[in-house]
Amino acid sequence: MLRIPDKSGADFVLKLPRKDRKKLEFLFSQFISYDDFSYCLFGSKPMSLSGYPKPFIYSNWMSFRESIQPRYIKMHLAWKTWLKYRHHFQNPNFVIWKEKSPWWKDEGIIILIANKQKMNFVIQHYAEDFSSVLGEAASSAESLLEKASKRPLFEDVLKCHEGLIGILLGYGRNNAFLFHQRDLGACISLSSIWEEGIVKQMSQPEGDMHLVLHYPCCMVDPNSEETKRLRDEFISTREKIFDYYRHDEYTLLEKTLALLR
């Protein structure tokens, strides 16, 4: 049984088998701790992603061996479990779905979460970039997500354009387009958004929380004002996330699902 905090003051109770709860706990611990979903839920990123290789792929031995790692099998099964219960969690501002990966091609799956409000903001703010790449007037979150319900957003709708993908993942417009230019072969020097000391802290639980919360990672122009603003926003959001999850009778899974109701 899960007790989901509700704004009305009365918990929403979801009855489910223990094995299903365990799978959902694994899935959302991955999403929140390692894959930046919490930064999207708290509004500092328009979108975040997770992913895994398709189980039992046969293109070559190395791919097959990677695809059957226990963590990836658990992700695959946990996602299937989430599909059984997601109709209970219909917050109109958030969408979670999966599609094939533009980087792993036919061998990979990515799971995406979108914050529609934040998506709309960056789409309108960088309308010229979206219209110039997509060949049509700047769209909206609703329009892009409607198209993504029929075909892959990253690979098809956004044409694998690393600039637009980077904007939607919250890495900053200039950083995203520098990465795109480097992807096309330009000699551009980029580095991790975080210094080595920060990266080492990512694997350490915070205080009394049983939560390892990674910082969002991306390649950036380390000295730009855009990058400085991103660092400050991610650090500030990280504190809000810890404040939300610490000192509470509810579990990480229950408190996360409360945000999706």
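Here goes a summary of the coordinates provided. Each chain has its residues counted from 1, following the order in which its sequence is written. pLDDT decides what is reported in this predicted model: residues at 70 or higher carry local features, side-chain atom pairs at 80 or more are listed and counted, and totals for whole chains, interfaces and linings draw on all residues regardless. Side-chain measures were taken over the full set of non-hydrogen atoms in the model, leaving aside hydrogen atoms and water.

1. Re the overall build of the chain
Then comes step 1: What counts as a helix is a DSSP run of H or I of at least four residues, what counts as a strand is a run of E of at least two, and both are numbered from the N terminus. Helix and strand counts for the chain come out as 13 helices and seven strands.
Then comes step 2: Buried residues are those whose accessible area, probed at 1.4 Å on protein chains only, stays under 20% of the maximum for their type, while exposed residues exceed 50% and partly exposed ones sit between those limits. Per-residue burial for the chain yields a buried fraction of 49% across its 261 residues.
Then comes step 3: When contacts within the chain are restricted to residue pairs at least 6 apart in sequence, long-range pairs at least 24 apart make up 63% of them.
Then comes step 4: Within the structure as shown, the chain displays about 13,200 Å² of accessible surface, and the carbon and sulfur contribution to it stands at 53%. Two residues qualify as a contact provided that any one of their heavy atoms is within 4.5 Å of a heavy atom in the partner residue. Here the open area of atoms and residues is found with the Shrake-Rupley method and a 1.4 Å probe, where only the protein chains shown may cover a residue.

2. Description of the pairing of strand β3 (residues 47-53)
Within a regular beta strand, the side chains point alternately toward one face of the sheet and then the other, so they alternate between its two faces.
Then comes step 1: The element β3 is extensively covered by neighbouring structure, given that five of its seven residues are classed as buried.
Then comes step 2: The pairing of β3 with strand β5 (residues 108-115) spans seven bridges and is classified as antiparallel. Bridging across to β5, S48 finds its partner in I113. Between any two strands, at least two bridges found by DSSP are needed for them to pair.

3. Digging into the nonpolar core
Then comes step 1: Residues M47 and W82 are the most contacted members of the largest nonpolar core, which totals 71 residues.
Then comes step 2: Residues within four places of M47 in sequence aside, it is in contact with C40, W97, L112, I113, A114, M119, L153, F154, L168 and L169. What we call a nonpolar core is a set of buried Ala, Val, Leu, Ile, Met, Phe, Trp, Tyr and Cys residues that are connected through their side-chain atoms within 4.5 Å.

4. Examining the pairing of β5
Then comes step 1: By the criterion of burial, β5 is predominantly enclosed, with eight of the eight residues buried.
Then comes step 2: Judged from the seven bridges that link them, strand β4 (residues 94-100) and β5 form a sheet pairing that is antiparallel. Its bridge partner being in β5, E99 is matched across the sheet by I110.

5. Points about the layout of surface pockets
Then comes step 1: Points on a 1 Å grid over protein atoms alone make up a cavity when a 1.4 Å probe fits among them but cannot get out, and a pocket when they form an open set with protein on both sides within 12 Å along at least five of seven lines; lining residues each have an atom within 4 Å of a point. Grid points are joined across faces, edges and corners, and a volume is the space filled by probe spheres set on the points. Of the volumes computed, that of the largest pocket is approximately 400 Å³.
Then comes step 2: Lining the largest pocket are 19 residues; nearest its centre among them are R86, F94, V95, I96 and W97.
Then comes step 3: Those elements that place two or more of their residues in the lining of the largest pocket are α4 (70-85), β4 and α7 (141-148).
Then comes step 4: Here the lining of the largest pocket gets five residues from one element, more than from any other, and that element is β4.
Then comes step 5: Ten residue types, Ala, Val, Leu, Ile, Met, Phe, Trp, Tyr, Cys and Pro, are classed as nonpolar, four, Asp, Glu, Lys and Arg, as charged, and the remainder, Gly among them, as polar. Grouping the constituent residues of the lining of the largest pocket by class yields twelve nonpolar, three polar and four charged.

6. Looking at the packing of helix α5 (residues 116-125) against α7
Then comes step 1: Axis definition: a line fitted to C-alpha atoms, over the contacting stretch in the case of helices. Angles run 0 to 180 degrees between N-to-C directions. Between α5 and α7, whose axes approach to 8 Å, the crossing angle comes to 110°. By the criterion of interaxial angle, the relationship of α5 to α7 is roughly perpendicular. Here K116, M119, N120 and I123 of α5 lie close against α7, whose contacting residues are A141, E142, L144 and L145. By the definition adopted for this analysis, an angle is roughly parallel if under 35 degrees, roughly antiparallel if over 145, roughly perpendicular if from 65 to 115, and oblique otherwise.

7. Focus on the state of the cysteines
Cysteine pairs can be covalently joined through their sulfur atoms, and such a bond is termed a disulfide.
Then comes step 1: Our working definition of a disulfide is a cysteine sulfur pair at a distance within 2.5 Å. Within this structure, the stated rule accounts for zero disulfides.
Then comes step 2: With no disulfide of its own, C217 lies 7.5 Å from the sulfur of C218, the closest cysteine sulfur.

8. Things to note about the sheet that holds β3
Then comes step 1: Within the open sheet, the three strands sit side by side as β3-β5-β4. Their pairing is antiparallel. Strands at the two margins of the open sheet, each flanked by one partner only, are β3 and β4. When the angles between neighbouring strand axes are averaged without regard to direction, this sheet yields 20°.

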